[in-house]
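Structural description and commentary
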Amino acid sequence: MDFGLLLESYGAVWGSLQVILMTLLGACGGVLLGAIPGMTATMGVALLIPFSFGMDLIPSIGLLLGIYCGGMYGGSISAILIHAPGTPAAAATLLDGYPMCQKGQAGKALSVAMFSSFCGGVIGALVMTFLSPFIANMAMSFGPGEMFMLAIFGLSVIIAISGKSITKGLISAFLGMALCTVGLDPTNGIPRFITYKQTGLLDGFQFIPTLIGLFAVAEVIAGVERIISGEEKQEKSNEKIKNVLPDLATIKKIWPNILSGGLIGTFIGAIPGAGGDIAVFVSYGASKSASKHPELYGTGIPNGVAATESANNGCSGGAMIPLLSLGVPGDSVTAILLGAFIMKGITPGPMMYIAELPTVYRVFAALMLANLAMLVVGCCGVRFFAKIVSVEKKMLYPIILVISLLGAFSINKNVFDVGVCVAFGVVGWLMNKYEFPLSPILLALILGPMCEKNFVRFMNIQKGNFAAIFQSPIADVFMAVALAVIIFSVYNQRKINKREAEAAKSQE
Amino acid sequence: MKAKSAKKLLSVALAMTMLAGVLSGCGSDGGDAKDDAKTEAPADEPADDAADKADEPADEPADDAADAPADDIAYPEKGISVICPWGAGGGTDACLRAFCEAMGKDLGVALTVDNQTGGGGILGHQAIADAEPDGYTIGMITFELATYKKLGTSELTWEDYDPLCRVNTDAATVTVNKEWADANSITDLASYIEYCKAHPGEVQMGGSSNASVWHIAGGYLMQETGIDIQMITYEEGAATAVQNAASGFIQGVTVSLAEARSFIESGHLVCLGVMDEERNESFPDVPTCKEEGYDITYFTQRGMAIPKDVDPAIKAKLEAACAKAIEDPDFVEFMKNNGQAISYLDAAGYTEFLQQSAEDVANAMDALGL
Amino acid sequence: MKDKSVLAGVVVILLGVAFVALFKTLGYVICAALISMVIMFLIGKRNWLQMILVSILVPLGMWFIFFKVLTVNIPMGPLSFLSDLVGKL
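Residues numbered from 1 in each chain as written. Chains lettered and ligands numbered in written order. Predicted model: local features only at pLDDT ≥ 70, side-chain atom pairs only at ≥ 80, totals over all residues.

Remarks on the overall build of chain C
Formally: Secondary structure elements are defined from DSSP: runs of H or I of at least 4 residues count as helices, runs of E of at least 2 residues count as strands, and each element is numbered from the N terminus. Here a residue counts as buried when 20 or more other C-beta atoms sit within 10 Å of its C-beta, as exposed when there are 12 or fewer, and as partly exposed otherwise, the C-beta atoms being derived from the backbone. Contacts are defined on C-beta atoms placed from the backbone: any two residues whose C-beta positions lie within 7 Å are in contact.
Secondary structure assignment for chain C yields 3 helices and 0 strands. Projected onto its principal axes, the C-alpha coordinates of chain C cover approximately 50 × 25 × 20 Å. A burial count over chain C gives 43% of its 89 residues as buried. A fraction of 53% describes how many contacts in chain C between residues 6 or more apart in sequence connect residues 24 or more apart.

Here we look at the environment of Val 203 of chain B
Residues and elements named next belong to chain B. By secondary structure assignment, the location of Val 203 is in the loop between α9 (189–198) and β6 (204–206). Val 203 sits 127 residues away from Pro 76 along the chain, and the two C-alpha atoms are 54 Å apart. Setting aside chain neighbours within four positions, we find Val 203 in contact with Cys 196, Ile 229 and Gln 251.

Quick notes on the sheet that holds strand β2 (residues 111–115) of chain B
Residues and elements named next belong to chain B. In plain terms, the rule: At least two DSSP bridges between two strands are required for those strands to pair. Axis angles are defined between N-to-C directions and span 0 to 180 degrees, where every axis is a line fitted to C-alpha atoms and, for a helix, only to the segment in contact.
On the basis of which strands lie adjacent, the open sheet formed by 6 strands has the order β2-β1-β3-β10-β4-β11 and mixed pairing. The open sheet is flanked by β2 and β11 (341–345), the only strands paired with a single partner. Strand after strand, the sheet turns through a mean of 25° between neighbouring axes, direction not considered. In this structure, strand β4 (residues 161–171) lies alongside strand β10 (residues 299–307), joined through 9 bridges in antiparallel fashion. Bridging across to β10, Asp 162 finds its partner in Ile 306. Docked against the sheet, helix α13 (residues 312–325) engages β3 (137–142), β4 and β10, running at close to 15° with respect to β4. Against the sheet, helix α15 (residues 347–368) touches β4, β10 and β11, its axis set at about 70° to β4.

Describing the domain arrangement of chain B
Residues and elements named next belong to chain B. For clarity, the cut-off: The domain limits used here are those given by an automatic or database domain assignment. Note that Gly is not counted as nonpolar here; it falls among the polar residues with everything else outside the nonpolar set of Ala, Val, Leu, Ile, Met, Phe, Trp, Tyr, Cys and Pro and the charged set of Asp, Glu, Lys and Arg.
Domain assignment breaks chain B into domain 1 (79–169 + 301–368) and domain 2 (173–297). Taken residue by residue, the interface counts 11 residues in domain 1 and 13 residues in domain 2. Of the residues that constitute the side of domain 1 that touches domain 2, the class distribution is 8 nonpolar, 3 polar and no charged.

A word on the sheet that holds strand β8 (residues 252–253) of chain B
Residue and element names in this part refer to chain B. Pairing is mixed in the open sheet, where 5 strands are placed in the order β7-β6-β8-β5-β9. The open sheet has two edge strands, β7 (230–232) and β9 (269–274), and neither has a second partner. Bridge count between β6 and β7: 3 bridges; the pairing is parallel. In the strand pairing of β7, Met 205 is matched with Met 231.

Written out as structure tokens, the structure reads:
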């Protein structure tokens, strides 16, 4: 670790006006893009790459990292305010963010999200700066067996976040798994189920239209229902947002969640193929399980928001690790960043640390700067964003619907996806009516393909010998943790239910 | 909730879901892919005029073209839309965007890339074939086109297009894990083949997704050398396959040099041979399979194409623009940095190539049992 | 009362289905404006000026962001002339 060079790189990057401006521009763009459901940070980065053709490497990296970090925070804005995750990684933020908004604490939720995003991003950037080689080695040891166990572990988190009825959570999860099977078989390319007639389903149910449908459209339908039946209250922005940052009392409460979230996000982000959408749920589940009052999660507490937002920004630092150290992108955005590097004539990978160390350090500095830029943009915007709740609900719901449908279309520019979105809107609405939790479907949709692909691949490589998986220490660890999560969560939930039953009894 | 209203609710909701599914299916690709893509294309910005003319006789692509003399037509008058069947930021997309910029210099209008992804490239390829033949919607076709019919996922073949020019080819390789190679005294392609023959079905190589070019290259390798290796598919893409090979989970990959670059440079992987006519500029030390005694060449290809029945004068202009663009210094530099090889063939040459390639691919797929 | 609200929910779903069906022919802005107006009316909004302005401006704005800024082609149906107009900017 060459500290002199590190300091010099920070100076070069943070002192360059062009880099600062580009990063701020990226952060602005990222926050706005991230806030629009259907427009993901990946798209934003991909679309803005051509703009960076004319620039030097570091300003263009600054721009792209700004979008990346901004996008991760931006998604939480729409998740909190309108129950429509702007990015898949924000899907867990609405679990506590939206209830906070409904309680009239939108501003607080937004500032907690922003602060946690920043801290999580810093944690990720620090880990990246000082521990990259170590983590990169760890990432290399993830083969099909390990990835399969990671997916199983992710699925076990479903039990932790199922809420009151674990059975219902499991049913949701199975529904999600069943939905995963639609499309082309990943290993053999054979169309499954109804894919035969529909070219729109060749890739299975597109994730983002499904996400938007389940969360945004379903909420619009529910909202309309509430308005007609008179249950909906119009929020006047009574909140006095004195400071854009959360107050000290809140920070004292949430810092453990931020720390654990940031670390979890970084480590999961560092595993190629696992990204923010998984990390946020694991972090949420972990925070809930470790909490003294797990029953509060889901009712609108800042801890829930802190856990998820720090995780998704920690991921950005984490995903950069395999990108720079191995040349293997940690997620789809880093895949595009990889292309950007190559276009400038640099090949990220083990050689980069030897041949281009100054560039590596400059990227570290740029990521830290991007997090800072995101904080600045967020601070400027919190007051403004919070005002959105005061838009009359009768106008807000149609607006959300209209934006969401467009978002669903824009992924593949395929009307079919809009139909998928509406269909899942119905599914989500029904699930809410019968109190089935939505998050398990989402987790299953994300992890199902990963689970299947890696399991089949593992069996192919091991020629059917599943027992071989026990030889991998990493896989064993995940297996053990998954079991622990399941047992602990079931026990925990039983305790909560018993407590509530006794409380209800004593009130009679 | 009362049982009666619950039941009513459920049935209505189920009906709605089915209706939504059916309607969107009818509205888009389910019922009649050709119809849908035809109405899809006019929705793209430059081809909007064509939408009005959709009812008119199809042999008048643009009103002006019929009036002006053949070699000085008023084309292009507005921006051209270029369909890319693959996602933004990928290899095809990057190459196409750079090429479009170069073409734009010659044609004097903006060429905007329109990513229409899905179905392993089918949706985009279909959109190109079904586009209005007015010269304002063109596209990039890639290797995968040759696999669809055999896989049974689509009826599309190269014959549904009017090829303009080939832009790029990237050759497959035989790249193996260095540790494994050292442990088994494998120093070059010949010793690798020997080892595979001595241990049939044991060596595991990675491609990218099922029926992708690298996967099929593996099949081709097996066919031509008579070895029996197991190809492992990686739907996530070549990057994961390369990482698995570098870590030792599989023994090697058949992907291109560009994709395995970082690990070759670091020494985790060693390339035994590139399946190309000549050595790759960026990797001058890597021999071709030909040099090693095995006459195998296999590569992915990307090229420009237009739908059938476009006015020959317009086609000629496009071809000329392609020829100019391929030599544009900015484009050349971009491709070099990106590790992608420029390999130009004009319209006639490309058509011939596509025909030959379709046959080769079908054979290789047979070897893989696809 | 409960039944009425559920019915309202169903209407929204129907509108969503209609949106998908008409998307190709009428384009995004018109479809969006229509369902937006209908939903607002359905849930009791009667301020016509606000309704019309929001129903037209929001889809228009979104289309502009996606089309001009993000270069994503959105079907506009009869309003395609707007695409041409803005495309030339």
